[in-house]
Amino acid sequence: MLKKLGLGVLLLAFCGLAGALEWNLQPAASRLAADIHWLHEAIMVLVIVLFVGVFGFMFWACYAHRKSIGHPASQFHENTLVEVLWTVIPAIILVAIAWPVTKVVIAQKDTSNPDLTVKVTGMQWKWGYDYLKGEGEGISFVSTLSTPREQIEGKAPKGPHYLLEVDNEMVVPVGKKVRVLTTAADVVHSWWVPAFGAKQDAVPGFIRDLWFKAEQTGTFRSQCVELCGKDHGFMPIVVRVVSAEDYSKWVGAQKAQAAKSADDETKAYTLDQLKSRGEKVYAANCVACHQGSGKGLPPAFPALDGSKVVLGPKNAQIDTVLNGVVKGGKPTAMAAFAKQLNNVELAAVITFTRNNWGNKTGEVIQPADVKARRK
Amino acid sequence: MSSAAADTHAHEHGHGHDAHHGQYGGLMRWVTTTNHKDIGTMYLWFSFIMFMVGGAMAMVIRAELFSPGLQIVDPDFFNQMTTMHGLIMVFGAIMPAFVGFANWLIPMQIGAPDMAFARMNNWSFWILPFAGALLIISFFTPGGAPGVGWTLYAPLTVQMGVGMDLTIFAVHLLGMSSIMGSINIVTTILNMRAPGMTLMRMPLFCWTWLITAYLLIAVMPVLAGAVTMTLTDRHFGTSFFNAAGGGDPVLYQHIFWFFGHPEVYIIALPAFGVVSQVIPAFSRKPLFGYASMVYATSAIAILSFIVWAHHMYTVGMPVTGQLFFMYATTLIAVPTGVKVFNWVATMWKGSLSFETPMLFALGFLFLFTLGGFTGLVLSLVPIDIQLHDTYYVVAHFHYVMVAGALFAAFAGVYFWLPKWTGRMYDEKLGQIHFWLTMIFFNMIFFVQHFLGLAGMPRRIPDYPLMFETWNKISSIGAFGFGLSQLLFLYVVLKCIRHGPKAAAKPWEGADSLEWTHLPTPVPYHTFDPQPDLR
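One structure accompanies this document, and this report is about it. As the structure is a prediction and not an experimental result, all values here were calculated from the model.

**Some details on a nonpolar patch on the surface**
Residues and elements named next belong to chain B. On the surface, a cluster of nonpolar side chains totalling about 390 Å² of accessible area is made up of Tyr-24, Leu-27, Met-28 and Val-31. By the element assignment, Leu-27 lies in helix α2 (residues 26-32). A relative accessible area of 67% means that Leu-27 is categorised as exposed.

Rendered as structure tokens:
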């Protein structure tokens, strides 16, 4: 009795714990994800039944056919009927599973007739989003982890969306079929939103696609799921699903902002203007490798503080940042930023590195200097 | 055989006592030995050392994942740890362990005096320490060891430092060693069986190794090709895996997994073989469905060549490709099911006892089947797309690799230790080792299924807060598991040094030649001349 009570309390405690923990698939927010959940549950029931059945026999044998209670060993070692049955029955079960699964596979692959097409580009270690077709065509931004380094290094308390927050979220309208084209700039990444049941590798040099249709508004969070180097764990994916009206508003705001904040490349900026802008560019693009201290992580990621390149002639540094570093005909970890950043951002970040930490050149690099080095 | 003179010499003087071990004593005995028992022993110790090294890396991984945030290592080093943990455990620990069993047991089980190519056997072992050393040296090169995962996916491999090249050469050496070992095993089994030992009378362990050896010969060159292409992409201007030069990064994945999936069975089949010796022995009953076991093993081996792309459902294959690989993969459940049913039927109406080898064999059966079922779940494309590259996959393959292969290896070590050493291990400590291993294993990996379902990607050094509890449990389990293996070392050393003398046949149900035709401990030279089993 006491034993039973103890067991009951244990079970209850376990259920309580289970309630507080994540231990199933994330709630589905699309038809496809719901189908996946249903398939997963059905197959789990099947698996558990088979498991209990097979090991019921095993544990019964362990209990009833023990030597210690004097069970004599039979010597049978064949039974054609049984052997045929346990080959054929599993095969039939597999065929029965195959049909519903095949239907979902075909649905998952059907990316035709989308309402909105967005290209997603994996880069070490951020995501680029380009709205190619549909409402919002032409919107383009880069989405980077916005969790502060202090939280990662344990110097500040971690926020509720630790590692799952970005500066620019992907925004899509609810109830619309969104086709996502994936590609990558450097190595293989993988774009995934569990709530939509949508995952697709982003392969450099190739375009792949997937689709989802979100059935509820909200913010859905995930991470890159293909090992892509040092900061693989630090390139989240955040998709905000909004109503059709809110989406139109967002598109309008994006366009207006793009028009307003278009950087004026012809203007000459002051050192302070470029330094403060450069600090932001640095934080979004450079800090992962070269570190906030500018000391880098040698030898893979060299220090900028006291670097010969940074303190040397400005054109050499501009070329390095524009085109990346190529050794023996192969790109290294230093990526080319010519296509990712505009001339103002490049001028700002280069000015910043030449006038920060122990580097005190006092030099100001203007957007025009960068423009002149572009090929 | 030019060593025949030395062998005859040893034979004349060494007959009847074990002290005489060839021309040399001390260290040179081990360097020059061509004796299958010596080489088997070296394989087993090498694999245990590598198991400890790879295990230490797993401890670093689990320590970093104990809490969210970066505490102990930087992300680069974390990636190096996951990469080397995988490579060392697969190529340094599990595979050599089973080659060690093959060396010790195949000649004794088929009534042969030694392996067919005794000196090549020495070489295939002695390549291994150099390969292992290359892997470890890579940590001390500029940029450290490669941080690309054990799958070495392109084009991330192009970004790595010289450690990547050392790893590539290590893989070449490991492949050479495996191929030579396999040729030896195939030749020994096909040509050196005692009169009357027909193929269908061989113990199942020999059968599973015969089939495994063919798999190795077929796929190790494929892996060597894949890493060589990586090498030339890195240094010689080729573009096999670089789209800008007309190549395709996904090509690497296809080639790798054409090796990688049969590799899963290269690891699993010898484990099946060990378990197929242990379960009948402790059930005191012949193996149920011997012939169907042989056919099922062959079927698994053949199917393993046409399912590789189920590791790549998310690369963007055409729908027909996904469907083909899904159907082919689910088919493997049929022969695997036959094997599980056969093992349970072997136990049914037997006379069971539960010494340590049997406990590990049952642990294998129970947990490997669980891993098989999660494999079935993952074989279905839509579910896999949700779970690919998450901790669900990590949990799945550790159920197959650790609870499958490692548990079987433990079962084998406890089963044959008395035969090898002439001494008994401490049964009580052995059972404690089993229960600790069993409990901590599940503590590490069962909860990882939940992490994967909830969406935690694999190979990340830091994670969102919602995954914290399961990660803590998993890490505690890992530390416990690691410590428990020190107990195993203690049990084995205690057995070798102070174990009580083993009976000639300590397991009453064991029925293969090494138990029925040879004394315990086995003499240095056995079955010369061969027994007549007709």
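**Describing the sheet that holds strand β8 (residues 208-212) of chain A**
Residue and element names in this part refer to chain A. Here we have 5 strands laid out as an open sheet, ordered β3-β2-β1-β5-β8, and mixed in their pairing. The sheet terminates laterally at β3 (140-143) and β8, the two strands that pair on one side only. With direction set aside, neighbouring strand axes in the sheet form an average angle of 25°. Relative to strand β2 (residues 126-133), strand β1 (residues 116-123) is paired through 7 bridges, and the arrangement is antiparallel. Its bridge partner being in β2, Lys-119 is matched across the sheet by Asp-130.

**Side note on the packing of helix α11 (residues 333-347) of chain B against helix α12 (residues 356-379) of chain B**
Residue and element names in this part refer to chain B. Contact pair α11 / α12: the axes reach a minimum separation of 11 Å and the direction vectors enclose 155°. In this view, α11 runs roughly antiparallel relative to α12, as classed from their interaxial angle. α11 and α12 meet at a crossing whose hand is left-handed. Across the interface between the two elements, Ala-333, Thr-336, Val-340, Trp-343, Val-344 and Met-347 of α11 pack against Met-358, Leu-362, Phe-364, Leu-365, Phe-368, Thr-369 and Leu-376 of α12. Residue composition of the contact of α11 with α12, grouped by class: 11 nonpolar, 2 polar and no charged.

**Things to note about the pairing of β1(A)**
All names here are of chain A. Most of β1 is tucked away, with 7 of its 8 residues classed as buried. Summarising the sheet, β1 and strand β5 (residues 178-184) pair through 7 bridges and their orientation is parallel. Across the sheet, Gly-122 pairs through a bridge with Ala-184, a residue of β5. Linkage of β1 to β2, two consecutive antiparallel strands, is achieved through a turn of 2 residues.

Quick notes on the rules
- Each chain carries its own residue numbering, running from 1 in the written order of its sequence.
- Here chains are named by letter from A upward and ligands by number from 1 upward, in the order in which they appear as written.
- Local features in this predicted model are restricted to residues of pLDDT 70 or higher, and side-chain atom pairs are both shown and tallied only at a pLDDT of 80 or more, whereas totals for entire chains, interfaces and linings draw on every residue.
- Water and hydrogen atoms were dropped before computing side-chain values, which therefore reflect all heavy atoms in the structure.
- Each patch is built from residues that are more than 30% exposed by relative accessible area and take part in no salt bridge. Like charges join if they lie within 9 Å; nonpolar side chains (Val, Leu, Ile, Met, Phe, Trp, Tyr) join within 5 Å.
- Areas reported as accessible are Shrake-Rupley estimates using a 1.4 Å probe. Residue values count occlusion only from the protein chains shown.
- Only one rule defines a salt bridge in this text: a Lys or Arg side-chain nitrogen within 4 Å of an Asp or Glu carboxyl oxygen.
- Segments assigned H or I by DSSP are reported as helices when at least four residues long, segments assigned E as strands when at least two residues long, and all are numbered from the N terminus.
- Only protein chains enter the calculation, and the probe is 1.4 Å; a residue is then buried if its accessible area is under 20% of its type maximum, exposed if over 50%, and partly exposed in between.
- Strands are labelled as partners when DSSP assigns at least two bridges between them.
- As a rule, the C-alpha atoms of each element are fitted with a line to give its axis, helices using only the stretch in contact, and angles between N-to-C directions run from 0 to 180 degrees.
- Roughly parallel refers to an angle under 35 degrees, roughly antiparallel to one over 145, roughly perpendicular to one between 65 and 115, and oblique to any angle outside these ranges.
- Crossing handedness follows the turn of the near helix against the far one: under a right angle anticlockwise gives a left-handed crossing, and clockwise gives a right-handed one.
- Residue contacts are defined here by distance: any two heavy atoms, one from each residue, within 4.5 Å place the two residues in contact.
- Side-chain classes are defined by residue name, with Ala, Val, Leu, Ile, Met, Phe, Trp, Tyr, Cys and Pro counting as nonpolar, Asp, Glu, Lys and Arg as charged, and the others, Gly among them, as polar.

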